[in-house]
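Coordinate analysis (summary)
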Amino acid sequence: MLFDWHGTLVNTLDAMYKAIEDMLPRLEELDLIDRIKPAEEAASQDDEKLVRYIRIYRHLHPKILAEQRVSRTDIFDALFGDDTVATSIAHRAYNDSYREHYGDVTPYQDGVYDFLCCLKQAGIKLGVVTNRIREFLDHELMAVGWQDIFDITYCGNEAESYKPAPSPLLEVMAKLGVSPGPDIWYVGDSVTDMVTAKEAGIPGVFYNAGLWSQDAIAKMFYDPGRERYYPAALVDDFDQLLDLMIEVSLQGESRCIRASRPERLPARQPPPPRIEPDWHPAVVNLTPPEIILFDWHATLADTLDAMYHAVDDMLPELEEMGLLDKLVAAEDCKSPEDIKLLEHVKAYGKLHPKIKIDRKISRTDIFEVLFGENDVAKRRAHKEFNRHYRNYFGTVLPFEPNIKNMLMGLRELNLKVGVITNRDREFFMHELSVIEDTGWAELFDTCICGDDTERRKPHIDQIEKALQNLHEPIHPNVWYVGDSTTDTIASKTAGITSVFFNGAQWDQPWLSKIFPGNERYPHKPDVVVNDFSEFWALVLTCRKKAAAEKYRARDAS
């Protein structure tokens, strides 16, 4: 019986996720950004979200970090697919990061060693086949005291290729002098492990480390091309694995397992669920839209790389620009996080490393934190940002796949569609013309840029100008969709509907922190959507509800 290591026999989750989070911001440096698979080629919807999120933010989705159910190998497989060169680079970079964190290792569940001893006493050969490199595996084997129980251990840097290639299993079987067959099992916790087993010609037993529901497991293998990798068996714990062994073993072997099996343990419990935002389309009453205005950067378009490069270049010049003494006092900040941002900029003339790693705060929000109500200082900051942004702008990608189709769908519903952005017209018009090669200019009825009005968001000047261009009044049937607190403040101050686009996938506690709804910071979005498929459903639901109410009113009269 061959086992995966991490996530099956042992728990090294904290170190693994820390290492991945350290490694992902280096994707650009490693020349791996252009080797990430297009999101539309992902094997599943979950993989599509993972790819899209990492491409934009260079981080794991918060839900993945909270649940800790996805393996490093599955992540790299989703990102790079069959590109073995990219996968090898990613694994090497991961190992460099893991070296800074590894050492904290525990059995994945109570009694694992006793279960392994039971199998050993029944005469079953045991092995570990892992993508972990030898340096780490040997250390971790010593840490848990299991270095003498396995007949063979085999690491990713010793095989011809990493899993999901079958070569690690095939090479181990050759070393053991056995051929692939139904009497050799590979027990692992990931889709990658099941693919590896199937391609090597042996049964894959899925150890349900994350305690996924049966529906969730089926979904993992539901997509075309994955059905054939469905596990030969599913177990939630090692008691169930021994039950399975007893069920299929020969009588003598079965007696040995029964005689030496450890006492049955209580069932494992699933992790606590992540708290999702409760401003959900299903539970809100909104005025159906007649006009939908969108923010540009980090809502419709991804220009994060250029934006952060420009901010990095600008902040060291604050003193030279006469803006250092215009920074707000710490007591005027909204949150402890804002205070940290402010104090780091004051002390070092640059963003805190965590902000650059997280890539979740906009340029406008940064200036709002730094300069508060000082419009003169913010105008100067925006002007200097533009000077540096000129050195980087040009590359622009849709924030999600199929945004263009969504915008076309809104127009087919006879809705007026526009953009309000703090980007200067020079940059915005170029980005609008080159996105997806042919541009999106024909999709919008109005576009208002930061230099089109005296004041930028969070002031309402741009919203007022957009509606003047459309010859429409301010009304809740005007929706403004944006990803920042600045967008929400502008919407609510103007008296239109605020749709917070949660592309950064903040959880409910964080949203409650940035939108406290108190006397000092009263503005909260009317609704939160996590992606544009959710937004599209929201629009259709509101229109359908309005039509139903109209018919009911007509029938009543």
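None of these values were measured; they are calculated from a predicted model.

**Topic: helix H8 (residues 167-176)**
- Buried within H8 are the following residues: Ser-167, Pro-168, Leu-169, Glu-171, Val-172 and Met-173.
- For H8, the secondary structure elements touched by its buried residues are strand E1 (2-3), strand E4 (127-129), strand E5 (152-154), strand E6 (186-188) and helix H9 (191-200).
- Positive backbone phi, at 75°, marks Gly-177, one or two positions downstream of H8.

**Digging into the state of the cysteines**
- Under the counting rule described, the total for this entry stands at zero disulfides.
- The thiol of Cys-256 is unpaired, and the distance to the nearest cysteine sulfur, on Cys-118, comes to 9.1 Å.

**Observations concerning the nonpolar core**
- The biggest cluster of nonpolar side chains holds 75 residues, and the ones touching the most others in it are Phe-294, Leu-407 and Phe-535.
- At seven residues, helix H13 (residues 304-314) tops the list of elements feeding residues into this core.
- When sequence neighbours within four positions are dropped, the list of residues in contact with Phe-294 reads Leu-300, Met-406, Leu-407, Leu-410, Val-417, Gly-418, Val-419, Ile-420, Tyr-480, Val-481, Phe-532 and Phe-535.
- Grouped together as the second largest cluster of nonpolar side chains are 71 residues, Cys-118, Leu-126, Leu-137 and Val-144 included.

**Focus: the packing of aromatic side chains**
- Going through the model one piece at a time under the given rule, you end up with 25 aromatic pairs.
- Ring centres of Phe-367 and Phe-371 lie 6.4 Å apart, and the angle between their planes is 55°; this geometry places the pair in the tilted category. Here Phe-367 pairs with Phe-371, and both are found in helix H16 (residues 363-371), just four residues apart, close to one helical turn. In this pair, the class of Phe-367 matches that of Phe-371, namely buried.
- Between Tyr-389 and Phe-427 the ring centres are 5.0 Å apart and the planes differ by 75°, which places this aromatic pair in the edge-to-face class.

**A word on the sheet that holds E5**
- The strand order across the open sheet formed by six strands is E5-E4-E1-E6-E7-E8, and the pairing between neighbours is parallel. What marks the edges here is a single partner per strand, and that holds for E5 and strand E8 (233-235).
- Bridge count between strand E7 (residues 204-207) and E8: three bridges; the pairing is parallel. Paired with Val-205 across the bridge in E8 is Ala-233.
- Most of the contacts of helix H11 (residues 238-248) go to E8, to which it runs at about 140°, and overall it touches E1, E6, E7 and E8.

**Examining the sheet that holds strand E15 (residues 497-501)**
- Across the sheet, which stays open at both edges, the six strands sit in the order E13-E12-E9-E14-E15-E16 with parallel pairing between neighbours. At either end of the open sheet lies a strand with only one pairing partner, and these are strand E13 (446-448) and strand E16 (527-529). Averaged over all pairs of adjacent strands, the angle between their axes in this sheet comes to 25°, without regard to strand direction.
- Both strand E12 (residues 416-420) and E13 contribute to a ladder of three bridges, which runs parallel. Paired with Ile-420 across the two strands is Ile-448, which belongs to E13.
- Each of strand E9 (291-294), E12, E13 and strand E14 (478-482) is contacted by helix H20 (residues 461-470), which is oriented at about 155° to E13, the strand it contacts most.

**Some remarks on the pattern of salt bridges**
- Going through the model one piece at a time under the given rule, you end up with 31 salt bridges.
- The partner of Asp-305 in a salt bridge is Arg-58, and the shortest N-O contact between them spans 2.9 Å. Here Asp-305, found in helix H13, pairs with Arg-58, found in the loop between helix H2 (45-57) and helix H3 (62-67); they are 247 residues apart in sequence, far enough to count as distant.
- Residue classification places Arg-58 among the buried residues on the basis of a relative accessible area of 4%.
- Here Glu-199 ties to Arg-228 by a salt bridge, and the two come within 2.9 Å at their closest N and O atoms. On the criterion of sequence distance, the pair formed by Glu-199 in helix H9 and Arg-228 in the loop between helix H10 (214-220) and E8 is long-range, its members being 29 residues apart.
- Looking at Glu-199, the relative accessible area reads 34%, which means it is partly exposed.
- Looking at Arg-228, the relative accessible area reads 49%, which means it is partly exposed.

**Considerations on the environment of Lys-513**
- As for its position among the elements, Lys-513 is in helix H22 (residues 508-514).
- In this structure, the C-alpha to C-alpha distance between Lys-513 and Lys-334, residues 179 residues apart in sequence, is 9.1 Å.
- Among all residues touching Lys-513, those that are not within four sequence positions of it are Lys-334 and Glu-337.
- Of the polar contacts made by the side chain of Lys-513, one reaches the side chain of Glu-337; its length is 3.4 Å.

**Quick look at the side chain of Ser-498**
- Mapped onto the secondary structure, Ser-498 falls in strand E15.
- For Ser-498, a relative accessible area of 1% gives the class buried.

**Considering unusual backbone geometry**
- Omega for the peptide link from Lys-163 to Pro-164 comes to 20°, which places this bond in the cis form.
- Here Pro-164 shows up in the loop between E5 and H8.
- That bond from Lys-457 to Pro-458 is cis: its omega, 20°, falls within 30 degrees of zero.
- Mapped onto the fold, Pro-458 is located in the loop between E13 and H20.
- A positive phi angle is found at Asn-414, which is not glycine, with a value near 65°.
- Position of Asn-414 among the secondary structure elements: in the loop between helix H18 (403-412) and E12.
- Residue classification places Asn-414 among the exposed residues on the basis of a relative accessible area of 69%.
- Of note, the phi angle at Asp-437 is positive, near 70°, even though the residue is not glycine.

Thresholds, definitions, all that
- Residues numbered from 1 in each chain as written.
- Predicted model: local features only at pLDDT ≥ 70, side-chain atom pairs only at ≥ 80, totals over all residues.
- Heavy atoms only, no water.
- Buried < 20%, exposed > 50% of the residue type's maximum accessible area, 1.4 Å probe, protein only.
- Helix = DSSP H or I, 4+ residues; strand = E, 2+ residues; numbered from the N terminus.
- Contact = heavy atoms within 4.5 Å.
- Disulfide = S-S within 2.5 Å.
- Core = buried A, V, L, I, M, F, W, Y, C linked by side-chain atoms within 4.5 Å.
- Phe/Tyr/Trp six-rings, centres within 6.5 Å; stacked < 30°, edge-to-face > 60°.
- Pairing = 2+ DSSP bridges.
- Axes fitted to C-alpha atoms, helices over the stretch in contact; angles between N-to-C directions.
- Salt bridge = Lys/Arg side-chain N within 4 Å of Asp/Glu carboxyl O.
- Polar contact = N/O pair within 3.5 Å; in protein donor to acceptor, adjacent residues only side chain to side chain.

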